[in-house]
Amino acid sequence: MHISQDTLFISCVDARMPIDKLLPPNSAVIKRNIAALVPEPEGKGGADMLDTLKYALKQKKIKRIVVMGHTDCGGICACMDQPQGLPKVLEYMSPLNKTREEIAQADLDKPRKYRRLEQDGVRKSIENLRRYSVVQEAEAAGLTIEGWLLDVRDQTIHKGLEKADHPRYLPALEESTLPFPPHMPEALYLGCVEAPESAHNMFLPGSVLVKRNLGADVPDAASHKDGREEMEATLEFALKAKGIRRILVMGHKGCDVCACGQAHDANTPEALEPWPNERQALGETLANLKTYPVVREALADKEHPLEMQGMLYDGRTRSTYKYDDKSGSLHAGAIQLGLPAERKGRG
């Protein structure tokens, strides 16, 4: 499978979505968030999505956007079930509430309701995408938008969800009796949308949740900068819903975003506030993670405390360096993931 370098790929954080493995390094800009949801421009996470769209459309000159959801999606399940203890996740998924209420009234068993909301989630994301003025301008100039849905049971990709004449619900998704693969991620992996490295090639299949932002940036929880609400939801999903106790932050040498900065309030890439270098960006991201209450709570857990590790990837040599949070120095070394005994058997 090949996706040209002029593509923005929006997909889910789910560890069973092997997007990085399907794509050659540097073949696409990859944005990964909960349920591959594209927020409404004026909604929670809308400003962060706008920054990514500006970067992809204005700086990278991409010509295609692919929104790819998947079956057995944890974010979709949370939206449908409305569980207690995940307020940030439910707030982030709220653009699907009207569709969820409609599907909830249908005379269907719960699995079929999930499958329908997964498909409608892709369509809602495409609808929201087309509300961003930067996308409207790009579509007028020839940008194409596609909607895909991956069945994680057999890795079949269903395309065409963006088309008005496409069946709203696919029987092949609703009626399949194949079992879903287990989902027991050990770590939350925060990487850059440039994606020169492949998280799925570096770690065992399904071992990480993969979140991709511009420059692997994490805004301070107390700030009003773009991406805060989306990061709150992601951290809550990883640490609360999945019980993850490890966060890996991966920067990379030669990062275009670090060279020009994060697009917090800029109207064009040229106006971005510069980051001095990738190493400083790693330190700032690790420090900012500790400003989130859900992270501080996990760090203070005496029985299973949260671990955080910064890393830097050199695409020229395919080498990985560990970041020392105290000294700010880098040391060559790979990251090993091993499933703690107390998490075995958990979904």
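Scoring rules and cut-offs
Residues numbered from 1 in each chain as written. Predicted model: local features only at pLDDT ≥ 70, side-chain atom pairs only at ≥ 80, totals over all residues. Heavy atoms only, no water. Helix = DSSP H or I, 4+ residues; strand = E, 2+ residues; numbered from the N terminus. Buried < 20%, exposed > 50% of the residue type's maximum accessible area, 1.4 Å probe, protein only. Contact = heavy atoms within 4.5 Å. Areas by Shrake-Rupley, 256 points an atom, 1.4 Å probe, with all protein chains shown as cover. Arc of directions from axis to C-beta. Phe/Tyr/Trp six-rings, centres within 6.5 Å; stacked < 30°, edge-to-face > 60°. Lys NZ or Arg CZ within 6 Å of the ring centre and 35° of its normal. Core = buried A, V, L, I, M, F, W, Y, C linked by side-chain atoms within 4.5 Å. pLDDT = per-residue confidence, 0-100. Polar contact = N/O pair within 3.5 Å; in protein donor to acceptor, adjacent residues only side chain to side chain. Axes fitted to C-alpha atoms, helices over the stretch in contact; angles between N-to-C directions. Parallel < 35°, antiparallel > 145°, perpendicular 65-115°, else oblique. Left-handed = near helix turned anticlockwise from the far one by under 90°. Nonpolar A, V, L, I, M, F, W, Y, C, P; charged D, E, K, R; others polar. Pairing = 2+ DSSP bridges. Disulfide = S-S within 2.5 Å.

**What about the overall build of the protein chain?**
- The helix and strand tally for the protein chain stands at 13 helices and 11 strands.
- Looking at the protein chain as a whole, 57% of its 347 residues are labelled buried.
- Here the analysis covers contacts within the protein chain between residues at least 6 apart in sequence; of these, 68% occur between residues at least 24 apart.
- Within the structure as shown, the protein chain displays about 14,900 Å² of accessible surface, and the carbon and sulfur contribution to it stands at 49%.

**Considerations on helix 7 (residues 133-140)**
- Along helix 7, the residues that are buried comprise Val134, Val135 and Ala138. One face of helix 7 carries all of its buried residues, which in axial projection span an arc of 95 degrees.
- Residues of helix 7 that are buried make contact with helix 2 (46-59), helix 6 (110-129) and strand 4 (144-151).
- Gly142 lies just past helix 7 and shows a positive phi near 115 degrees.

**Considerations on the packing of aromatic side chains**
- Applying the stated rule across the entire model yields one aromatic pair.
- Residues Phe9 and Trp148 carry aromatic rings whose centres are separated by 5.8 Å and whose planes lie at 80 degrees to one another, so their mutual orientation is edge-to-face. Residue Phe9 is found in strand 1 (residues 7-12), and its partner Trp148 is found in strand 4; the two are separated by 139 residues along the sequence.
- Judged by relative accessible area, which is 1%, Phe9 ranks as buried.
- Looking at Trp148, the relative accessible area reads 3%, which means it is buried.
- Here the guanidinium or amino end of Lys253 rests over the ring plane of Tyr321, the centre of that ring lying 5.1 Å away.

**Some points on the nonpolar core**
- Ranked by size, the top nonpolar core spans 57 residues in total, and within it Met93, Leu190, Leu235, Ile247, Leu289 and Tyr292 carry the most contacts.
- Sorting elements by how many residues they give to this core places helix 10 (residues 228-241) first, with six residues.
- Counting 30 residues, the second largest nonpolar core, distinct from the first, contains Leu57, Ile62, Leu161 and Leu170.

**Description of the confidence of the model for the protein chain**
- In this model, the protein chain carries an average pLDDT of 85, and 85% of its residues clear a pLDDT of 70 or more.
- Predicted confidence for residues 260-276 stays below pLDDT 50, and this span has 38 contacts to residues more than four positions away or in other chains.
- When the criterion is pLDDT under 50, residues 339-347 qualifies, and its contacts beyond four places in sequence or with other chains add up to 18 contacts.

**Side note on the environment of Arg212**
- Checked against the element boundaries, Arg212 lands in strand 7 (residues 208-213).
- Sequence separation between Arg212 and Leu190 is 22 residues; the distance between their C-alpha atoms is 5.8 Å.
- Here the side chain of Arg212 touches Cys192 through a polar contact of 2.8 Å, landing on its backbone oxygen.

**Concerning the packing of helix 5 (residues 97-104) against helix 6**
- One way to put it is that helix 5 packs onto helix 6 with a least axis distance of 10 Å and a crossing angle of 150 degrees. Between helix 5 and helix 6, the angle is such that the two are roughly antiparallel. Judged by the twist between their axes, the crossing of helix 5 over helix 6 is right-handed. Every residue of helix 6 that contacts helix 5 at Thr99, Arg100, Ile103 and Ala104 is listed here: Lys113, Arg116, Leu117 and Asp120.
- Across the contact of helix 5 with helix 6, the residue classes break down as three nonpolar, one polar and four charged.

**Observations regarding the pairing of strand 1**
- Burial analysis of strand 1 places six of its six residues in the buried class, the great majority of the element.
- Note: strand 1 against strand 3 (residues 64-70), five bridges, orientation parallel. Across the sheet, residue Ile10 finds its bridge partner in strand 3, namely Val67.
- Judged from the five bridges that link them, strand 1 and strand 2 (residues 29-33) form a sheet pairing that is parallel. When the bridges of strand 2 are listed, Phe9 appears paired with Ile30.

**Quick notes on the state of the cysteines**
- Applying the stated criterion to the full structure yields zero disulfides.
- Not part of a disulfide, Cys12 finds its nearest cysteine sulfur in Cys73, a span of 4.2 Å.
- For Cys12, a relative accessible area of 3% translates into the label buried.
- According to the relative accessible area criterion, Cys73 is buried, its value standing at 2%.

**Some remarks on the side chain of Ser223**
- Turning to its location among the elements, Ser223 is positioned in the loop between strand 7 and helix 10.
- A residue is classified by how much of its surface remains accessible, and Ser223, at 15% relative accessible area, is buried.
- Polar contacts involving the side chain of Ser223 include one to the main-chain carbonyl oxygen of Asp220, which spans 2.7 Å.

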